[in-house]
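Structural overview
If you want the building blocks of each chain, they are given just below.
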Amino acid sequence: MLRPSNLATVLAVTLGLAARLGFAQTLPAQATAPTPGWRWTMDSVRRVVHAVRAGRSLKPRSWPGGARVAVLLSFDVDNETIPLRFGEPTIGALSQGQYGARVGLRRVVELVDRHRIPATFFIPAVSLMLSPEMARVIQQSGRHEFGIHGWIHEMNATLPEAAERELIQRALDTLTHLTGVRPVGYRAPSWNMSPSTLRIVRDLGFLYESSLMADDSPYELLADGQPTGMVELPVEWILDDAPLVNPQGDRYSAPRDVLQVWVDEFDRAFQEGGMFLLTMHPHIIGHRSRIVILERLIDHIRSKPGVWFATHREAAEYVARAAAPPLPPPRPASP
Ligand SMILES: [Zn+2]
């Protein structure tokens, strides 16, 4: 979940990508300095705020089997795409990404499979194309789900809509081909959604989206104030290993301190009958001193009665059915 460090690089890459894809003519006009919010009219504020917004809560009265809490573990298998996406990779950073495929992923899968826990793996298409054997490792138990996580971990908000649409479509085709299953879930790389992203994922028939933060429990997404039928499974930076336990991150915390935050989040979710969704990365959590905290967290969660471990798909399908009235299938945004 790294942030762009160099806007010029982002723009250069965007221009290069757009030119290669033939979209140069659709690029937005040269950006000018934004107008500060205090100069906006309330109409402008409302238009921006309501473009994509939380609608009704989809927190169910109870979880399957009468469980008190739903636990959803995500692994974003970014690997080499983190240094690749801005077009200026270094050999060292690429090797750190390759650790995810060679070591981290296997350690993560061994842990969840030993506990018979399902998980969802959001994988940028280029990451899976570089290490296609990861699909077999993940599929061995028959328990896990694949989700879309961009083509090369691109930052959606830097792309013209046509390029963004083309990359998500291509990622969907590639993951379907390499795994044999068509994913139904979308997570924006770096949780970076553009004003077009929701429209694109609706048009492509996704069941759920998992990049936004307006609740602790699932909710329906609104577009321009209108219900979309799209389930949002919300995330949070405090429930993400990338900024917290990466020693190069600017928000570094000791792994055992992070474990305490996650235990507190889970305990409160358990009390409130909610959802606990944790985002991790094999190239980060898969290290020896980090996998320990995931193992301890799983031990803590399993010590409680009434926990429903689910893939994101299972949770999205369940809350859509359990809603009153039930959520209709997501409607395409474009006629
Ligand atoms: Zn990612």
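Residues numbered from 1 in each chain as written. Predicted model: local features only at pLDDT ≥ 70, side-chain atom pairs only at ≥ 80, totals over all residues. Heavy atoms only, no water.

A closer look at the nonpolar core
Among the nonpolar cores identified, the biggest contains 68 residues, and Leu73, Phe75, Phe121, Trp262 and Phe276 are the most heavily contacted of them. Looking at this core element by element, the count peaks at 7 residues for helix 10 (residues 255-272). Here Phe75 is in contact with Val108, Val112, Ala119, Thr120, Phe121, Phe122, Met280, Pro282, Ile285 and Leu294, once residues within four sequence places are set aside. (Core = buried A, V, L, I, M, F, W, Y, C linked by side-chain atoms within 4.5 Å. Buried < 20%, exposed > 50% of the residue type's maximum accessible area, 1.4 Å probe, protein only. Helix = DSSP H or I, 4+ residues; strand = E, 2+ residues; numbered from the N terminus. Contact = heavy atoms within 4.5 Å.)

Side note on the environment of Trp191
Among the structural elements, Trp191 can be located in the loop between strand 5 (185-186) and helix 8 (197-203). Owing to a relative accessible area of 6%, Trp191 belongs among the buried residues under this scheme. Considering only alpha carbons, one finds Trp191 and Ser210, 19 residues apart in sequence, at a separation of 8.1 Å.

What to know about the side chain of Arg290
With respect to the element layout, Arg290 can be found in helix 12 (residues 288-302). Asp241 is the oppositely charged side chain nearest to the buried, salt-bridge-free Arg290, at an N-O distance of 8.1 Å. Side chain to side chain, Arg290 and Ser289 meet in a polar contact 2.8 Å long. Excluding residues that lie within four positions of it along the chain, Arg290 makes contacts with Val245, Pro247, Tyr252, Pro255, Ile284 and Ile285. (Lys, Arg positive; Asp, Glu negative; His and termini not counted. Salt bridge = Lys/Arg side-chain N within 4 Å of Asp/Glu carboxyl O. Polar contact = N/O pair within 3.5 Å; in protein donor to acceptor, adjacent residues only side chain to side chain.)

Overview of the coordination of the zinc ion
For the zinc ion, the full set of protein donor atoms is Asp78 (OD), Asp78 (OD), His149 (NE2) and His153 (NE2), at a range of 2.1 to 2.5 Å. Taken together, the 4 donor atoms coordinating the zinc ion span angles of 53 to 135° at the metal, a pattern that classifies the geometry as irregular. Given the relative accessible area of 0%, His149 is considered buried. (Donors = N, O, S within 2.8 Å, 3.2 Å for Na, K, Ca; no water. Tetrahedral: all angles 85-135°; square planar, octahedral: opposite > 155°, others 65-115°.)

Structural notes on the pattern of salt bridges
When the charged atoms of two side chains with opposite charge come close together, those side chains can pair. By the definition in use, this model includes 11 salt bridges. A salt bridge links Arg165 to Glu161; its shortest N-O distance comes to 3.1 Å. Placement of the pair is Arg165 and Glu161 together in helix 7 (residues 161-179), with a separation of 4 residues, close to one helical turn. Judged by relative accessible area, which is 26%, Arg165 ranks as partly exposed.

Brief notes about helix 12
Helix length check: helix 12 (15 residues) gives 21 Å between terminal C-alpha atoms against 21 Å at 1.5 Å per residue, within 8%. Of all the positions in helix 12, only Arg290, Ile291, Ile293, Leu294, Leu297, Ile298 and Ile301 are classed as buried. The buried residues of helix 12 occupy an angular sector of 150° when projected down its axis, which confines them to one face. (Expected span 1.5 Å × (residues − 1). Arc of directions from axis to C-beta.)

Some words on the packing of aromatic side chains
Per the stated rule, a full pass over the model turns up 8 aromatic pairs. With a centroid separation of 4.5 Å and an interplanar angle of 50°, the aromatic rings of Trp191 and Trp237 are classed as tilted. With Trp191 in the loop between strand 5 and helix 8 and Trp237 in the loop between strand 8 (226-232) and helix 9 (241-245), the pair connects residues that are 46 residues apart, well separated along the chain. For Trp237, a relative accessible area of 29% corresponds to the partly exposed category. Through pairs of rings, three or more aromatic residues link up here, namely Trp63, Trp308 and Tyr318. The side chain of Arg170 reaches across the aromatic face of Trp151, ending 4.5 Å from its centre. Cation over ring: Lys304 sits above Phe270, and NZ or CZ is 5.7 Å from the ring centre. (Phe/Tyr/Trp six-rings, centres within 6.5 Å; stacked < 30°, edge-to-face > 60°. Lys NZ or Arg CZ within 6 Å of the ring centre and 35° of its normal.)

Don't take any of this as a statement about function, it's just geometry.
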